[in-house]
Amino acid sequence: YGLMEMLRDWMKTLPLNGEKADVGLNSAPNTGEVRVGLIQFSGKNKRGSRQGRADAKATPAGTGSGGRLSGDIDELNTDVDWHEANYYGRGTMIQLGLQMAADMFHLSPNDGRQRVLIIITDGKIYDPDTLQQARAELDTEQVKVFGVVARKNVQRTKADFDAAATLKPITSDPHDSHFQNLQIDEIPDKVLGDICD
């Protein structure tokens, strides 16, 4: 819940354009204001195994943004509430999440706005070998992909290094410029605070 509340606080600081999600491709011309979307990814895998079923979810139709980009703070707050109430908390398989993100961007106008995807994980990604198509779709949509490993401790653990080894190759080139390994409380300042600059 801590990360979701960080996202809620961050969204309050953004220059949101005020448009509801159903505007889609009919969005107003780029004025420097932003729209945001939230996707949760997970997997039903056995601990330490690559075997499992990937899953991803965004708010369902009729709730908040309905799984689309939104510039409306009320829709986005509803999305955060929904994600907190429907938290996965198990496994890290992101293929479907990346495909959902590509779809979100595809349904939004490409009018010169920065297209940014931030993947935040606290664990190893178990499906890195299945991501080529979804990653190519994001490239087609001109999305910059950033990755953040959210550490629980000051000292990096083996789990943190494993997470970094699987997340960093998924980020945009150059990988070092699009990747960070941070304590969770550093994310607001070192990632979210600079995203609209």
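Residues numbered from 1 in each chain as written. Predicted model: local features only at pLDDT ≥ 70, side-chain atom pairs only at ≥ 80, totals over all residues. Heavy atoms only, no water.

### Thoughts on the packing of helix α3 (residues 95-106) against helix α4 (residues 132-140)
Then comes step 1: Across the interface, α3 lies against α4 with an axial gap of 9 Å and an inter-helix angle of 20°. With respect to their mutual orientation, α3 and α4 come out roughly parallel. The two elements α3 and α4 meet at a crossing, and its hand is left-handed. Contacts from Q95, L98, Q99, A101, A102 and F105 in α3 reach A134, E137 and L138 in α4.
Then comes step 2: A breakdown of the residues in the contact of α3 with α4 according to their chemical character gives 6 nonpolar, 2 polar and 1 charged. (Axes fitted to C-alpha atoms, helices over the stretch in contact; angles between N-to-C directions. Helix = DSSP H or I, 4+ residues; strand = E, 2+ residues; numbered from the N terminus. Parallel < 35°, antiparallel > 145°, perpendicular 65-115°, else oblique. Left-handed = near helix turned anticlockwise from the far one by under 90°. Contact = heavy atoms within 4.5 Å. Nonpolar A, V, L, I, M, F, W, Y, C, P; charged D, E, K, R; others polar.)

### Quick word on the packing of helix α1 (residues 2-13) against helix α2 (residues 73-85)
Then comes step 1: One can describe the packing of α1 onto α2 by two numbers: an axis separation of 10 Å at closest approach and a directional angle of 175°. With respect to their mutual orientation, α1 and α2 come out roughly antiparallel. Taken together, the residues of α2 that come into contact with α1 (itself represented by M4, E5, R8, M11 and K12) are I73, L76, N77, V80, D81, H83 and E84.

### Things to note about the confidence of the model for the protein chain
Then comes step 1: A residue-level look at the protein chain finds 89% of positions with pLDDT of 70 or above and a mean pLDDT of 85.
Then comes step 2: When mean pLDDT is taken per element in the protein chain, strand β4 (residues 144-151) scores highest with 94 and strand β2 (residues 54-57) scores lowest with 74.
Then comes step 3: Considering only residues more than four positions removed or in separate chains, one finds that residues 46-50, a stretch of pLDDT under 50, has 7 contacts. (pLDDT = per-residue confidence, 0-100.)

### Thoughts on the pattern of salt bridges
Then comes step 1: Per the stated rule, a full pass over the model turns up 11 salt bridges.
Then comes step 2: In this structure, the salt-bridge partner of R8 is E84, at a minimum N-O distance of 3.6 Å. Taken together, the residues R8 in helix α1 and E84 in helix α2 connect sequence positions 76 residues apart.
Then comes step 3: For E84, a relative accessible area of 13% gives the class buried.
Then comes step 4: A salt bridge links K168 to D176, with the shortest nitrogen-to-oxygen separation between them at 2.4 Å.
Then comes step 5: One salt-bridge network, in which partners are shared between bridges, spans E5, R8, D81 and E84. (Salt bridge = Lys/Arg side-chain N within 4 Å of Asp/Glu carboxyl O. Buried < 20%, exposed > 50% of the residue type's maximum accessible area, 1.4 Å probe, protein only.)

### Thoughts on the pairing of strand β3 (residues 116-121)
Both faces of the sheet carry side chains from a regular strand, because those side chains alternate between them.
Then comes step 1: Here β3 runs beside β4; their pairing, made up of 6 bridges, is parallel. The residue bridging I118 from the neighbouring strand is F146, located in β4.
Then comes step 2: Viewed along the sheet, the connection from β3 through α4 into β4 turns out right-handed. (Pairing = 2+ DSSP bridges. Right-handed = clockwise from strand over helix to strand, strands pointing away.)

### Remarks on the sheet that holds β4
Then comes step 1: Reading across the sheet, the 3 strands line up as β3-β4-β5 and stay open at both edges, with parallel pairing between neighbours. Every other strand in the sheet has two partners, leaving β3 and β5 (179-183) as the edge strands with one partner each. Averaged over neighbouring strand pairs, the angle between their axes works out to 25° when direction is ignored.
Then comes step 2: In the packing of helix α5 (residues 158-167) onto the sheet, contacts are made with β3, β4 and β5, and the angle to β4 comes to roughly 175°.

### Things to note about α4
Then comes step 1: Buried within α4 we find A134, R135 and L138. Seen end-on, α4 carries its buried residues on one side only, within an arc spanning 100°. More than 90 degrees from the buried face of α4, the exposed residues found are Q132, Q133 and T140.
Then comes step 2: In this fold, the buried residues of α4 make contact with α3, β3 and β4.
Then comes step 3: Positive backbone phi, at 60°, marks Q142, one or two positions downstream of α4. (Arc of directions from axis to C-beta.)

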